[in-house]
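Residue-level structure breakdown
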Amino acid sequence: MIDAVLKSAEERMDKAVQVYRRDLLTVRAGRATPAMLDKITVEYYGAQMPVNQVASVTSPEPRQLVIQPWDKGMLSEIEKAIQKSDLGIHPSNDGSVIRLMIPPLTEQRRQELVKQVRKMAEDARVAVRNVRRDANDELKKMEKGGTLSEDQVRRGTDKIQALTDKYIAEVDKLTTGKEQELLEI
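Residue numbers run consecutively from 1 along every chain, following the written order of its sequence. It should be noted that, the model being predicted, local features are given only for residues of pLDDT at least 70 and side-chain atom pairs only at 80 or more, the latter also being counted only at that level, while totals for whole chains, interfaces and linings use all residues. In computing side-chain values, all of the structure's heavy atoms are included and hydrogens and water are not.

Turning our eyes to something else, we now look at the pattern of salt bridges. Just to be clear on terms, a salt bridge is a Lys or Arg side-chain nitrogen sitting within 4 Å of an Asp or Glu carboxyl oxygen. Under the defined criterion, the tally for this structure stands at 16 salt bridges. Measuring nitrogen to oxygen at the nearest pair gives 2.9 Å for the salt bridge that ties Glu-122 to Arg-125. Note that Glu-122 and Arg-125 are positioned in helix H3 (residues 107-145) at a spacing of three residues, about one turn of the helix. In this structure Glu-122 comes out as partly exposed when scored by relative accessible area, which is 33%. Two residues, Lys-178 and Glu-181, come together in a salt bridge whose shortest N-O distance is 3.8 Å. With Lys-178 and Glu-181 both in helix H4 (residues 150-183) and three residues apart, the pair spans about one turn of that helix. A run of H or I in DSSP becomes a helix once it reaches four residues, and a run of E becomes a strand once it reaches two; helices and strands are each numbered from the N terminus. Residue exposure (1.4 Å probe, protein chains only): buried if accessible area is under 20% of the type maximum, exposed if over 50%, otherwise partly exposed.

Okay, structure coming up:
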């Protein structure tokens, strides 16, 4: 019984860290990566679609992205979506592709991005802690129901705390790496 709770908690904590890892890819670190556009959506036949599902996104140079829509009529929609986004990049539309030139980051923008990464890290830590709370509550319910003894619950909560510490350390490691990447010039 405790093993099922632990396994569920570990899977959910792992998912929280995976989401954080994916979110970090969308933070621009001075290099052009197609993942920067993951959160930008455009309207395509009445539905909101991510840019990477209506166009091919490539990075021919370290500071440039090229977006080539499969439907040429989407050029203006994609251009508007990029302008409305918080990327701070102005697209260049040549009639067949959109080019995004990634400017070097200013020191002020680097600090803003570090703050953004720290906020995302705190959100990930909160998600991991929420999983811990849910797992501990489940163990306490089992104790009240008479399925587990007090000692078993204590051992279970210790194991859950160890899992929590492991995943929070992973979030901290990812955060430190991203901060160093942002602050290197």
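Picking up where we left off.
Let us look at the environment of Val-128. By the element assignment, Val-128 lies in helix H3. Spatially, the C-alpha atom of Val-128 lies 9.3 Å from that of Glu-10, the residues being 118 residues apart in sequence. Contact between two residues is taken to exist if any of their heavy atoms lie within 4.5 Å; hydrogens are not considered. In this structure Val-128 touches Met-13, Ala-16, Val-17, Thr-164, Tyr-167 and Ile-168, once residues within four positions along its chain are discounted.

All we've got here are geometric facts, nothing functional implied.
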